[in-house]
Amino acid sequence: MTGFGAFVAQARAAGALVVQPRMGMADPLRQRDGLIATRDATAVTVGTITLDSYTRTGDLAAARRALADGAGLNGYPIATHPADVTRAVLRGVADAGFPVQVRHGSASPEHIVRALLAVGLDATEGGPVSYCLPYSRTPLREAVAAWQRSCEVLASIQEFGAEPHLETFGGCLMGQLCPPSLLIAVSVLEALFFRQHGLRSVSLSYAQQPDLRQDEEALTVLGRLADELLPDVDRHLVLYAYMGVYPRTPGGARLLLTEAARLAVRTGVARLIVKTTAEAHRIPTVGENVRALETAAAAAADERDRPPLSAAPDTGIEAEARALIGAVLELDSDVGRALVRAFAAGYLDVPYCLHPDNAGRARSSLGPDGRLHWSSVGSMPIAGLSGGARPPILGSAELLTALSHVQRTYDARAAAPVPPRTPAPRREMGLNAS
């Protein structure tokens, strides 16, 4: 097998964590320079082309006007630049030793899938739920239909010997304050949707949350369910460095990223999406992205040389995730129709999500121990599975405090004096590490 999934599998077999930036520039030369810098980092990397907002929403006329007027775009307009231009961006850079993924955020991505295939790429990400509810007002039924068509277009290149890869964004959803069981359930359900519509290489995502031990339990459960429910596809787990309010100090940001890399190694994650020290202030430079990649890779190598930690205790995450997945799959043999029905019935309900198709009855809270808890499960079939009394629903002041918990915690930890740590020696991985 070749392609994005095969590269990640090769890296994992060699003992390396694949690290990946968020990176997208409208100017083709700057985008090419960013890819080259990512490839040449002292790490095992894959490249990213993140698309602009106009392309994500399908407003290609606005993207054309912006390019013609020299206006700034917040990503690469892959469906607007001529295919020959993008092929020139990729020529001599993207290959089997440095695959490139297109990241977008679109609820209706068929035009994006066709554009990336036209330039020789075959890896992207998203999902009918995860790129609909948090990011658009598109009705979920329409997003499911659009994602079905997109999956089928992407899978169609298998007849030419390619193995396209699709990553579910389901383990991220609102990015923060979403208890792990729902992230796991949506990640698995979207991966099952991808498989149902022809994909044979997928990755399942999870976003780093405030408590490391809770994340260890969650990622272990996600890996177990992926092995059980997706045994016939190439698959791996991808972890996102924390997606909420980021530490404001460079030390706090590096500490949070380092812990994400260590968490990935401890839980068998194959790929990590990094964040930079500039995250709380502005769009990072290419150099800042490269430093984040190298920081994460070094932390992962160091963690791999340390004794494994004891298994995280079972706090009910797996029981809740299984209950959610089972309830959805019982609704319909077609995963897409089952997802639409599940949200209509409130069997899936994303806290603080304002999309019209989300029931909006579920609420979460952050405990004093830093762990996420359900304050209300609405109609989701998980009442009583995790045990214990439910914490009160957060008011506006408590919600704002919870949202900034990670930022405050890691900035404070970085400011505290710590003993120096001797870094573990680097090991050659035989891939694209320099």
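Keep in mind it's a predicted model, so treat the numbers as computed, not measured.

A. Main features of the overall build of the protein chain. For the protein chain, the count of helices and strands is 15 helices and 10 strands. Here the protein chain has a C-alpha radius of gyration of 21 Å; the compact-globule value for 434 residues is 22 Å, and the two agree. Residue pairs at least 24 apart in sequence account for 74% of intrachain contacts in the protein chain once pairs closer than 6 positions are excluded. Summed over all atoms, the accessible surface of the protein chain reaches about 16900 Å², with 54% contributed by carbon and sulfur. For the protein chain, the distance from the average position of its 42 positive side-chain charges to the average position of its 44 negative side-chain charges is 3 Å.

B. Examining the pattern of salt bridges more closely. Applying the stated criterion to the full structure yields 25 salt bridges. The partner of Asp 84 in a salt bridge is Arg 87, and the shortest N-O contact between them spans 2.5 Å. Taken together, the residues Asp 84 and Arg 87, both in helix H5 (residues 83-90) and three residues apart, mark about one turn of the helix. According to the relative accessible area criterion, Asp 84 is exposed, its value standing at 56%. The salt bridge partner of Arg 103 is Glu 167, with a shortest N-O separation of 3.2 Å. Of this pair, Arg 103 sits in strand E3 (residues 100-103) while Glu 167 sits in strand E5 (residues 165-168), placing them 64 residues apart in sequence.

C. Main features of the confidence of the model for the protein chain. Per-chain confidence: the protein chain averages 92 in pLDDT, with 95% of residues scoring 70 or above. Confidence drops under pLDDT 50 across residues 424-434; counting only partners more than four residues distant or on other chains, this segment forms 33 contacts.

D. Highlighting the pairing of strand E9 (residues 363-366). Across four bridges, E9 lies against strand E10 (residues 372-376) in antiparallel orientation. Of the residues in E10, the one forming a bridge with Arg 363 is Ser 376. Remark: five residues form the turn of the hairpin made by E9 and E10, two consecutive strands paired antiparallel; Gly 370 in that turn has positive phi of roughly 85°.

E. Structural detail: the packing of aromatic side chains. One pass over the structure, following the stated rule, counts six aromatic pairs. Relative to Phe 169, the ring of Tyr 131 lies with its centre 4.9 Å away and its plane at 40°, an arrangement referred to as tilted. In this pair, Tyr 131 sits in the loop between strand E4 (123-126) and helix H7 (140-155) while Phe 169 sits in the loop between E5 and helix H8 (180-196), placing the two residues 38 residues apart along the sequence. Of the residues examined, Phe 169 reaches a relative accessible area of 4% and is grouped as buried. Ring centres 6.0 Å apart and planes at 50° place the aromatic pair Tyr 135 and Phe 169 in the tilted group.

F. Representation of the side chain of Asp 52 within the structure. With respect to the helices, strands and loops of the structure, Asp 52 is situated in the loop between strand E2 (47-50) and helix H3 (53-57). In this structure Asp 52 is buried but unpaired, with Arg 56 as the nearest side chain of opposite charge at 6.9 Å. Side-chain polar atoms of Asp 52 contact the backbone nitrogen of Tyr 54, separated by 3.1 Å.

G. Representation of helix H6 (residues 110-118) within the structure. Within H6, burial applies to Ile 112, Val 113, Ala 115 and Leu 116. One face of H6 carries all of its buried residues, which in axial projection span an arc of 165°. Each element contacted by the buried residues of H6 is listed here: H3, E3, E4 and H7. Positive backbone phi, at 95°, marks Gly 120, one or two positions downstream of H6.

How each quantity is defined
- Residues numbered from 1 in each chain as written.
- Predicted model: local features only at pLDDT ≥ 70, side-chain atom pairs only at ≥ 80, totals over all residues.
- Heavy atoms only, no water.
- Helix = DSSP H or I, 4+ residues; strand = E, 2+ residues; numbered from the N terminus.
- Rg over C-alpha atoms; globule rule 2.2 N^0.38 Å.
- Contact = heavy atoms within 4.5 Å.
- Areas by Shrake-Rupley, 256 points an atom, 1.4 Å probe, with all protein chains shown as cover.
- Lys, Arg positive; Asp, Glu negative; His and termini not counted.
- Charge placed at Lys NZ, Arg CZ, Asp CG, Glu CD.
- Salt bridge = Lys/Arg side-chain N within 4 Å of Asp/Glu carboxyl O.
- Buried < 20%, exposed > 50% of the residue type's maximum accessible area, 1.4 Å probe, protein only.
- pLDDT = per-residue confidence, 0-100.
- Pairing = 2+ DSSP bridges.
- Phe/Tyr/Trp six-rings, centres within 6.5 Å; stacked < 30°, edge-to-face > 60°.
- Polar contact = N/O pair within 3.5 Å; in protein donor to acceptor, adjacent residues only side chain to side chain.
- Arc of directions from axis to C-beta.

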